[in-house]
Amino acid sequence: MSREGLIPSAYRDGLARACMVSLREDHTVAAADPFDADEPMSARLASWNEESACTALIELAGHMVERLHRMRDLDWVSAAGCMRDLGFVAASLIRHGAPIEAVPGLEPALLRLGRATDEVPRDTVYSYATRNPDGPRRRTFTAHPQERLFIDAVTEGMHALGHTIEQLEFAGAMALGSDASVHHIEQAAVHLRRMIRAIRSVIQNLSPELFTYELRPYFPPMRLGGEVYFGPGGAQMPLLVVDVMLFGSDWSTGPDLEAYLEANAAYLPAPYRRLVDAYLHVPSMLSAWIVEARRQAAAGVPRHRLLEALRAVEALLKALLRFRHPHLNLARSNFKIRPPESLGSGGYQVDSLTMLIEQTTRAQADLHTTITALEAG
């Protein structure tokens, strides 16, 4: 393995860059209105949902399906814009008890859009947040102002995570202990803290009751093409990519965590899925950094350089845990007011978050052991 870059660099293969391009494309999708549906989606959808106006929702979905049928050459941006709007309406119908079959052609339309976007055939956290227009064109399920704040916070968090991924890739391509590697690790932590601030705003502005009773019903599972697809959820955010880059399966807590990672990776956009796959086939960044630090120390490299880099990594893991613990507390608050054995919108229980904390803590302990040994050496 090259010492210049510890990880066989997916960045040099263009994978991390493709994730950043994907974020910019989401902005283009947000500007798109392929169904010419801005008016009903932004001005009427929330009131129709408040009134459980299934007839209006079925009519709008039918119009979209018919319009899609006439679109022969469907580029990715148009397909993603169609999925966003049709996904909003389909989820609204299910929330009010109307089956997908109530709209002729709706299921084939969603399956077609899934193929065109190379994503799951339904709405996701990306269509709900980063591909959702801002301002007066914003799509929301309800008229609650807290939902707009929620969408803003998730969008900010997603952008911050994109930059975290990019900075980690830069760091992995640099020699450990170099000024550049320390800089990029520190910048990854900066962007991760941006995400944490965004999530904290959710905790402050969105009560468990409002989320559980007013918003979450609009994130129902859907059965399409014989498969069940879960609704938008936090587990679909690219923090999952950061987990795989940093930890891979090196600190796995067992098959349950691995199943959780595999299931939720399916909901990522294609560039993120490719990056996840690349990192699952090489040593994780953290394990590579620990091994390299020990190797360099044994070779007589000045320890203060290695310690500076590893302490920057330690600060990154501390930031990750500062997110994970409040997130776990938020999830527990939400689950307390739900029936026993309830699942989150992404199809998992709160135990999944505990597994992620255990993984991060275990990795942090191994890193701390290496730092202590270098300090004593």
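A brief report on the enclosed structure follows.

## Remarks on the packing of aromatic side chains
By convention here, two paired aromatic rings are described through the distance between centres and the angle between planes.
Moving on, step 1. Under the counting rule described, the total for this entry stands at 10 aromatic pairs.
Moving on, step 2. Each ring, one from phenylalanine 88 and one from tyrosine 128, has its centre 5.9 Å from the other, and the planes form 35°; the classification is tilted. Of this pair, phenylalanine 88 sits in helix α4 (residues 76-95) while tyrosine 128 is found in helix α6 (residues 125-128), placing the two residues 40 residues apart along the sequence.
Moving on, step 3. Judged by relative accessible area, which is 2%, phenylalanine 88 ranks as buried.
Moving on, step 4. Of the residues examined, tyrosine 128 reaches a relative accessible area of 3% and is grouped as buried.
Moving on, step 5. Connected via pairs of aromatic rings, a cluster forms that spans Phe88, Tyr128, Phe141, Phe150, Phe211, Tyr218 and Phe219.
Moving on, step 6. In this structure, arginine 95 is placed above the aromatic ring of tyrosine 218, and the distance from its NZ or CZ to the ring centre is 5.4 Å.

## Some points on the layout of surface pockets
Moving on, step 1. Quantified by volume, the largest pocket comes out at close to 150 Å³.
Moving on, step 2. Contributing to the lining of the largest pocket are Ala46, Asn49, Glu50, Arg95, Phe141, Thr142, Ala143, His144, Glu214 and Tyr218.
Moving on, step 3. Examining the composition of the lining of the largest pocket, we find that three residues originate from one element, helix α2 (residues 38-50), more than from any other.
Moving on, step 4. Taken together, the residues of the lining of the largest pocket break down into four nonpolar, three polar and three charged.

## So, unusual backbone geometry
Moving on, step 1. The backbone phi angle of aspartate 36 is positive, close to 50°, even though this residue is not glycine.
Moving on, step 2. You can see aspartate 36 is positioned in the loop between α1 (15-31) and α2.
Moving on, step 3. Taking the relative accessible area as the measure of exposure, aspartate 36 reaches 54% and is therefore exposed.
Moving on, step 4. Phi angles above zero are rare outside glycine, and serine 52 is one such case at about 50°.
Moving on, step 5. Counting through the fold element by element, serine 52 comes out in the loop between α2 and α3 (54-69).

Procedures and definitions
Residues numbered from 1 in each chain as written. Predicted model: local features only at pLDDT ≥ 70, side-chain atom pairs only at ≥ 80, totals over all residues. Heavy atoms only, no water. Phe/Tyr/Trp six-rings, centres within 6.5 Å; stacked < 30°, edge-to-face > 60°. Helix = DSSP H or I, 4+ residues; strand = E, 2+ residues; numbered from the N terminus. Buried < 20%, exposed > 50% of the residue type's maximum accessible area, 1.4 Å probe, protein only. Lys NZ or Arg CZ within 6 Å of the ring centre and 35° of its normal. 1 Å grid on protein atoms, 1.4 Å probe; cavity = no way out; pocket = protein on both sides within 12 Å on 5 of 7 lines; lining within 4 Å. Points joined across faces, edges and corners; volume = space filled by probe spheres on them. Nonpolar A, V, L, I, M, F, W, Y, C, P; charged D, E, K, R; others polar.

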